[in-house]
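Architecture and fold: a report
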There are 2 protein chains.
Amino acid sequence: MAVYQAPLRDMRFTYRELLGSDKVTELPGCEEATPDLVDAVLEEAGKVCESVLFPLNRSGDEEGCTFENGVVRTPKGFKEAYETFREGGWVGMACDPDYGGQGLPNCVNTLVEEMICSANMSFGMYPGLSHGAYKAIKRFGTDEQKQTYLPKLTDGIWSGTMCLTEPHCGTDLGLIRTKAEPGAAEGEWKITGTKIFISAGEHDLTENIIHLVLARLPDAPPGIKGISLFVVPKFMPKEDGSVGARNGVACGSIEHKMGIKASATCVMNFDEATGWLVGEPHKGMRAMFTMMNAARLGVGVQGLGIMEASYQGAVDYARERTQGRALTGAKAPEQKADPIIVHPDVRRMLLTMKAYTEGGRMLAAWISQELDYAEKCQDPKRRQEAEDFVALMTPIVKGVLTDLGSEVANLGVQVYGGHGYIREWGMEQYVRDARIAQIYEGTNGIQALDLVGRKLGAHTGRYLRRFFHPLSEYIDRIMDDDELEDFALPLAKQFVRLQQATGYIAQKGLSNPNEAGAAATDYMRLFGLVAMGYLWVRAVEVAKQNLDGDEADFYKAKITTAKFYFERLLPQTGALFAAIMSGSRTMMEMDEAAF
Amino acid sequence: MAVYQAPLRDMRFTYRELLGSDKVTELPGCEEATPDLVDAVLEEAGKVCESVLFPLNRSGDEEGCTFENGVVRTPKGFKEAYETFREGGWVGMACDPDYGGQGLPNCVNTLVEEMICSANMSFGMYPGLSHGAYKAIKRFGTDEQKQTYLPKLTDGIWSGTMCLTEPHCGTDLGLIRTKAEPGAAEGEWKITGTKIFISAGEHDLTENIIHLVLARLPDAPPGIKGISLFVVPKFMPKEDGSVGARNGVACGSIEHKMGIKASATCVMNFDEATGWLVGEPHKGMRAMFTMMNAARLGVGVQGLGIMEASYQGAVDYARERTQGRALTGAKAPEQKADPIIVHPDVRRMLLTMKAYTEGGRMLAAWISQELDYAEKCQDPKRRQEAEDFVALMTPIVKGVLTDLGSEVANLGVQVYGGHGYIREWGMEQYVRDARIAQIYEGTNGIQALDLVGRKLGAHTGRYLRRFFHPLSEYIDRIMDDDELEDFALPLAKQFVRLQQATGYIAQKGLSNPNEAGAAATDYMRLFGLVAMGYLWVRAVEVAKQNLDGDEADFYKAKITTAKFYFERLLPQTGALFAAIMSGSRTMMEMDEAAF
């Protein structure tokens, strides 16, 4: 049966021992994130996730959301759980204290988000979407908008959405048709159009829902440069903070989906709904990208959360289920069969899950820490470096961790055998829930195009250098370290491959953009695997210094898992490299009619 | 939206042009399988699958089976569809004409089964399971049992099951507890126990259900050598062929599963149910393996069927959906956006799907043709060779084609983006349906162990030589063929890798069976990829001879797809080889408590 315990020990390893994230207290606004506080927050979050959110994960999936007469009901228990969550201050955990938030750094928030996604990914969508709306208003809204919406979103008594997609356009937002016409009062607009796939577009958890909507002003130029961002509340906010009249926005239906069934995915109809411009006219895409970058990191963390939960369920079953004998002779002769964890093929699956999960955590935590520096560092040089790095790595975190999320969740099912396919055991739900993360906030193919098309070439490779230079220096440093000899050379080799692939794409892509497009997905994975490989070597370094202590077993397992990663998973890079270097010709020469 | 048209052109290519399967008419009992008849059968089967089974695939998934008071109801329309299917003679298509079957060769049957699985995998489970029961009784039953059951199973008016799994044992059938005690009459046994995961264990499609049940006789030795096979009908058969009293077997509940929801997966309770021994006492596993080998090939074909259906859906959408512009400039300037099939990353996904699907078809068809020789060839040498070959390749077809089934179905969802995640579009169902095929009839990990543990070493490598020798000769032959220079050397290299990996496992596995266990899954995939690579080169040979004809586009696409396979998919072998050669040490050294 699926089980979940917040992986606090490994989180501390990643946060403190590997990344030294306690140093974020040096950033203005993060002073209070002391080791004691961070530990207390993680522990408390773990309890809420284990005892409030996780118990609703299966029932929420079975029941799903219901839609009747424009009203969306979340599954039984969600309302109460949301209240507990909200009252605990978890919605505004990473929000500005000026608006009532806790002001915790991103690097802490990411770990808490991971726990939420492990425990109940559907539930996490509701506060998660609010956070996107919060960010957009905070950065681009007027003071009045900030005062009206941010305290409510921070508190969680109101929630938010991002309304981008329309029936005929998802990836290609330049095709948006939703329009904004002058409203009754100065600064008011009437928004009309249909948006689809709106997560948390309608539900019964909050008193109001604040939609951030992309639409076209009357004088909008065609395409992507004519899109503006509007805030459109479900109920009109009143001066006293209460809600007034219903606005002209309504849920038309909810989708029946493969997974995240407790998350309401809505068709939202805007019929002359009153809205206000957020940011400058026709600059909506810029504002939306702000929301999307944060959201993309968050989606990567969804993949991570599912990995952890699936891994825990699989280990639990592999220890309990007895079937067959170890190939080298009975391990539990007192029983009629050995637990299946004795079998190499089961261990192969579990170690694959473990290596990706812990590697994914290191990667997500690292980017989150740099995001804190990008947002708050006073040193402009350091801040710029962090911004560059986050820009480079965000599509990788989103794309690679969500691909791995699905792979790991599928391994979790496989460890369970037939029981993995049965809903009540909870393992197949992870597969269904994880699957969306590869699609939304830009499909992983789009993440890969963002990486090769926008990020690689930006400022003549400046973003790239934020990863390549430190990695290069690191490899130089460890090359002569006897303790790391199993890792240094293979890492160096993979890094050469990554550099060669990068050079190939940069060069060929210039004359033929299809070359970059053809390489993109394999390149993104190659990049992600090398980045995780680097982090695994750093983890080995930390572990080797702790092999004599009380927790020798924990650190020994880190080293074994790193070896497994290097022996069994990192070699994929060879296949990826070969695929990248084969170019675009074959796939482009295929006649459309011949598919 | 999901679409399905039987891929008759490609089936003819595989059956006739590539494998020359028309020659099976030389086998006794296959004389009637002339080209005209085979074409007519495939065409007719295509019509039934497209017009009768496919329209029930989505509705069957939504409605699922229901269980009430011991009665199982299949979804709306299934009863009528089954009647049409049965009346068309499709249930007994591959059965012996002596019992009313059509006696069609396996190599035709496999193609028809592929269509059924593409159109409605859940539906296919009902006749599919009957076929397993038919095979066991035909091979091991008494004359009386044959006369009683085979005509009914062939006709389809009765159906069959295989009752193996119990709550505490699946893979490890030695743990079976279901018992057989002497019954009221000579030769009758009373069967008592609980079986789970019984596909088609109870349903409303047939007048009787014939259970093939593994149980222990009173004097049974412990473990796997004490298991016998029994036939246990739901209703007692009467002399006149009608059904009599209800037997002591009842459905206790049905499972709620990830997919194949229209297939009833039952808990079956046997309470002193009357049964008769099939075959010798305590030799039930042998009989069961007969059923399982055929079933494993059939499950591999399920993976193939899902691949084809998912591929067709994805191509259809990629041609229709407009979004963005080709990276090299608009391809459809008259529209606001280009169809997404212009994008290299979409083509990468489609070609991956196509290469695996057509490669999988070639592989499954090849093994099926050899199965006909194994079963019917009069030349004992040729028959033995075919038997060896089928024994070797069956776990590969099952394991690799079902793994690819899931991979391809997931790509199909990804091509659809957000719509892929919505149930009504039908693409996510393929992911859910395909998933079980990696698990049942022996998980793919068990297939891999069967390959490395039983098949590699059998008769000092005799099975293996049935693949290695012809491949070796083929490579020698094409090495100097200028027409094939893009393929010959890469194929030769991959074959060397496969041979080296085989040698490594054979050698290391002797002293430490964990070495074979650790390598098994990666080895199985390596083997499957090389086998498909070989078939793709043969396909290129055929295609090159037809580039001047009317169907030049069809053959050109074959060559392009083969190139794609060699450039982008076959290179995985490098990573698999590295993983295999890394051995078992790391995964076995991990302490159980440290997972």
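Residues numbered from 1 in each chain as written. Chains lettered and ligands numbered in written order. Predicted model: local features only at pLDDT ≥ 70, side-chain atom pairs only at ≥ 80, totals over all residues. Heavy atoms only, no water.

What follows concerns the relation of the copies chain A and chain B. What connects the two chain copies is a rotation about an axis and a shift along it. Once turned by 180° and shifted 0.0 Å along the axis, chain A lies on chain B with an RMSD of 0.0 Å. Seen this way, the second copy is the image of the first under a two-fold rotation axis. Taken as a fraction of all interface residues of chain A, those also at the interface in chain B reach 100%, which identifies the copy contact as same-surface. (Least-squares fit on C-alpha atoms with pLDDT ≥ 70 in both. Contact = heavy atoms within 4.5 Å.)

A few words on the interface of chain A and chain B. Taken together, the 89 residues of chain A in the interface contact 89 residues of chain B. For the pair chain A and chain B, the summed buried area comes to about 7,900 Å², and 58% of that belongs to carbon and sulfur atoms. Among the residues of chain A in contact with chain B, Tyr421, Arg568 and Phe595 of chain A are the three that bury the most area, contributing 12% of the side total. Viewed at the interface, chain B and chain A are joined by four salt bridges. Residues arginine 568 of chain A and aspartate 522 of chain B are paired through a salt bridge, measuring 3.1 Å at the closest nitrogen-oxygen approach. Residue contributions to the side of chain A that touches chain B peak at eight residues, all from helix α15 (residues 552-569) of chain A. Partitioning the side of chain A that touches chain B into residue classes produces 37 nonpolar, 28 polar and 24 charged. (Buried area = accessible area lost by both parts, 1.4 Å probe. Salt bridge = Lys/Arg side-chain N within 4 Å of Asp/Glu carboxyl O. Helix = DSSP H or I, 4+ residues; strand = E, 2+ residues; numbered from the N terminus. Nonpolar A, V, L, I, M, F, W, Y, C, P; charged D, E, K, R; others polar.)

Where like charges cluster on the molecular surface, the negative patch consists of Asp480, Asp482, Glu483, Glu485 and Asp486 of chain A. Mapped onto the fold, aspartate 486 of chain A is located in helix α13 (residues 485-511). (Patch = residues over 30% accessible without salt bridge, like charges linked within 9 Å, V, L, I, M, F, W, Y side chains within 5 Å. Areas by Shrake-Rupley, 256 points an atom, 1.4 Å probe, with all protein chains shown as cover. Lys, Arg positive; Asp, Glu negative; His and termini not counted. Charge placed at Lys NZ, Arg CZ, Asp CG, Glu CD.)

As a further point, take the packing of aromatic side chains. Residue and element names in this part refer to chain A. Counted according to the given criterion, the structure contains 46 aromatic pairs over all chains. Aromatic side chains phenylalanine 487 and phenylalanine 566 sit 5.1 Å apart centroid to centroid with 90° between the ring planes, which places their arrangement in the edge-to-face category. A residue pair is termed long-range when its members are at least 10 positions apart, and phenylalanine 487 in helix α13 and phenylalanine 566 in helix α15 qualify at 79 residues. Across the pair, phenylalanine 566 and phenylalanine 487 agree in class, each one buried. Taking the centre distance of 6.1 Å and the plane angle of 70° together, the rings of tyrosine 565 and phenylalanine 566 count as edge-to-face. (Phe/Tyr/Trp six-rings, centres within 6.5 Å; stacked < 30°, edge-to-face > 60°. Buried < 20%, exposed > 50% of the residue type's maximum accessible area, 1.4 Å probe, protein only.)

Now for the domain arrangement of chain A. Taken domain by domain, chain A comprises domain 1 (8-136), domain 2 (143-284) and domain 3 (451-585). Spacing between the C-alpha centres of domain 2 of chain A and domain 3 of chain A amounts to 41 Å. (Domains from an automatic or database assignment.)

Our focus in this paragraph is the UniProt feature "domain: Acetyl-CoA dehydrogenase-like C-terminal" (unreviewed entry) in chain A. UniProt's feature table lists "domain: Acetyl-CoA dehydrogenase-like C-terminal" (unreviewed entry) at residues 475-591 of chain A, given in the numbering used throughout. Helix makes up 82% of residues 475-591 of chain A and strand 0%, whereas the separation of the span's terminal C-alpha atoms amounts to 45 Å. (UniProt positions renumbered as here; feature names shortened; annotations may be inferred.)

Another point: the nonpolar core. By size, the foremost hydrophobic cluster in this structure holds 426 residues, and its most contacted members are Phe467, Tyr523 and Phe527 of chain A together with Leu350, Phe467, Tyr523 and Phe527 of chain B. Beyond its immediate chain neighbours, meaning those up to four positions away, phenylalanine 527 of chain A contacts Leu392, Met393, Ile396, Leu451, Leu464, Phe467, Phe468 and Leu498 of chain A. (Core = buried A, V, L, I, M, F, W, Y, C linked by side-chain atoms within 4.5 Å.)

Here we come to the environment of phenylalanine 289 of chain A. Residue and element names in this part refer to chain A. Note that phenylalanine 289 resides in helix α7 (residues 284-320). Note on phenylalanine 289: relative accessible area 29%, which makes it partly exposed. It is 9.1 Å that separates the C-alpha atoms of phenylalanine 289 and alanine 136, two residues lying 153 residues apart in sequence. Beyond its immediate stretch of four places on either side in the chain, phenylalanine 289 contacts Arg296 and Arg454.

Locating leucine 150 of chain A in the fold gives a position in helix α6 (residues 143-155). Judged by its relative accessible area of 0%, leucine 150 of chain A falls in the buried class.

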